[in-house]
Amino acid sequence: MKSGAEGSELLSLIQSLYPNRDVIALHEPVFRGNEEKYLLDCLKTTLVSTIGPYVSEFEKHIANFTGSKFAIATMNGTSALHMALMLAGVERDDEVLTQGLTFVATANAISYCHAKPVFLDSDLSNLGLSLSALQIFLQENTEVRDNGFCYNKMTNRRIKACVPMHVFGHAVEIDAIAEICAKNNIELVEDAAEALGSYYKGRHLGTFGKIGIFSFNGNKIVTTGGGGMIITDDPALAKLAKHLTTTAKVPHSWNFSHDQVGYNYRLPNINAALGCAQMEKLGEFIRNKQETAAVYREFCLKKGFNFIDEPVHCRSNFWLCSLRLPDKASLEEFLEKANAQKIMARPLWNLMSELPAFKGCQNDGLKNAKYLRDRVVSLPSGVR
Ligand SMILES: *Cc1c(COP(=O)(O)O)cnc(C)c1O
């Protein structure tokens, strides 16, 4: 933005999209369906906690919607990701490939397994894990050894899994990523936390690898207050996921027996009730957000902004609409201006490799990730 005039016009456009608000949130939930009814039902039946019919109903909603055979609800997306990595067989001192530009939960979940994240570069058009960065890293730094596993030649650690994250609902080149993971015996776990309602070549995101996860945090496209979901087509993994997320309790009418260290990661019924009501509206939400994206797209085209559009082969849920400004100074200027007007425009995340917890982890230079971090801004994108 040379003059900032276009920036001011953009802020006026945002105000016209989200009128009569003190603060324009980045993404706020809307409850215009059966939310109240289902929540009251939980109170009346006293089934507010881990037992209740809404949990399995919500799981069915997600399995049907995504075309996945199984869905296991968890208390948040981070716990879903932790569980997914455990189920993928990630163990202490393994390495897990992911992108340097992601929400911190992706890297945290890897750490919960006592594994080490390796941070790879981003794709300039889809903002997620770069296919070519992955190819180059594997080619230059790794080898598949006699035991069939892929090893990092420098650290001598096993590379057990790869976790691409679909940023803002835009798909990474997931079919090609799945293919090279399979070739190198690396388990693919999709962090599809932001991508409920997004497709790549007609197939729902989260279904390309062994396991995928979603988040239903308050700012996601569907919310349960807090919540998450593991999806898989593997019946044994699904069974184990359910077992481990419910304290590894051996089924019995009254005995408390647990056959291993389990986790209390199960989604409460009251949260699932909210999720069931939200899922009835998901189709409407997606259409509404695609309309909002179309407004931003058209404005950007006219005013010379770089709108981050759906990548090729992707049908995006446009969880967050974003654009790429020419440089860091423009980004800072726009963020200042927007937030002074109580419009919650937001930058991308800090690079994982620059956070204290992950400073020592290997990365590939993250050239595109740095470029994007300094330029991309997300705009208010909630359902209107
Ligand atoms: C929201 C989100 C998660 C999970 O978040 P929770 O708040 O734990 O549900 C994980 N990864 C990404 C990329 C996310 O955006």
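The following paragraphs examine the structure supplied in this document. Bear in mind that the values here come from a model prediction, so they are computed numbers and not experimental data. Per-chain numbering applies: the sequence of each chain, read as written, is numbered from 1 onward. Given that the model is predicted, a residue must reach a pLDDT of at least 70 before its local features are reported, and side-chain atom pairs must reach 80 or more before they are shown or counted; all residues, however, enter totals for whole chains, interfaces and linings. To obtain the side-chain values, all non-hydrogen atoms of the structure were used and water was disregarded.

Moving on to the nonpolar core. In this structure, Phe58, Ile62, Leu97, Leu134, Leu196 and Met229 are the most contacted members of the largest nonpolar core, which totals 74 residues. We call two residues in contact when some of their heavy atoms are within 4.5 Å. Look past the residues within four positions of leucine 97 in its chain and what remains in contact with it is Val118, Leu120, Leu134, Phe137, Leu138, Ile159, Ala161, Cys162, Val163 and Ile186. One finds Ile72, Ala80, Ala88 and Ala115 within the second-largest nonpolar core, a separate group that totals 26 residues. The term nonpolar core refers to a set of buried residues drawn from Ala, Val, Leu, Ile, Met, Phe, Trp, Tyr and Cys, joined through side-chain atoms within 4.5 Å. Relative accessible area decides the class of each residue, using a 1.4 Å probe on protein chains only: under 20% of the type maximum gives buried, over 50% gives exposed, and in between gives partly exposed.

So, about helix H5 (residues 104-112). Segments assigned H or I by DSSP are reported as helices when at least four residues long, segments assigned E as strands when at least two residues long, and all are numbered from the N terminus. For H5, the complete set of buried residues consists of Ala105, Thr106, Ala107, Ala109 and Ile110. Looking at the buried positions of H5, the neighbouring elements they touch are helix H4 (77-87), strand E2 (95-99), strand E3 (116-120), strand E6 (159-163) and strand E7 (187-191). Count one or two residues on from H5 and you reach histidine 114, which has phi positive near 60°.

Another aspect to go through is helix H2 (residues 35-45). Residues Glu35, Tyr38 and Cys42 constitute the buried set of H2. Along the long axis of H2, the arc covered by the buried residues comes to 80°, so they all point the same way. Counted as exposed and oriented over 90 degrees from the buried face of H2: Glu36, Lys37, Leu43 and Lys44. Elements that come into contact with the buried residues of H2 comprise helix H3 (53-66) and helix H9 (269-279). Positive phi appears at threonine 46, one or two residues downstream of H2, with a value of about 65°. It is the directions from the helix axis to the C-beta atoms whose arc is reported.

Quick look at the pattern of salt bridges now. Salt-bridge detection follows one rule: a side-chain nitrogen of Lys or Arg within 4 Å of a carboxyl oxygen of Asp or Glu. Summed over all chains, the structure comprises 14 salt bridges. A salt bridge links glutamate 284 to lysine 281; the shortest N-O distance between them is 3.8 Å. Residue classification places lysine 281 among the buried positions, given a relative accessible area of 18%. Between glutamate 310 and arginine 315 there is a salt bridge, with its nearest N and O atoms 3.8 Å apart. According to the relative accessible area criterion, glutamate 310 is partly exposed, its value standing at 24%. Classification of arginine 315 by relative accessible area gives partly exposed; the value is 46%. Among the ionic contacts, a cluster of salt bridges with common partners joins Glu91, Asp94 and Arg158.

Another point: the site of the ligand. Nearness of a residue to a molecule or strand requires only that one of the residue's heavy atoms be within 4 Å of it. Inspection of the region around the ligand gives 13 residues, with Gly77, Thr78, Glu194, Ser215 and Lys220 positioned closest. Contacts to the ligand include serine 215, whose side-chain N or O atom sits 2.6 Å from an oxygen atom. Separating an oxygen atom of the ligand from a side-chain N or O atom of lysine 220 is a distance of 3.1 Å. Accessible surface area values rest on a Shrake-Rupley calculation with a 1.4 Å probe, where residue burial reflects the displayed protein chains alone. If the ligand stood free it would expose 380 Å²; the protein chains cover 92% of that surface. Here a polar contact is taken to be a pair of N or O atoms separated by no more than 3.5 Å, where protein atoms must pair a possible hydrogen donor with a possible acceptor and residues adjacent in sequence count only if both atoms sit in side chains.

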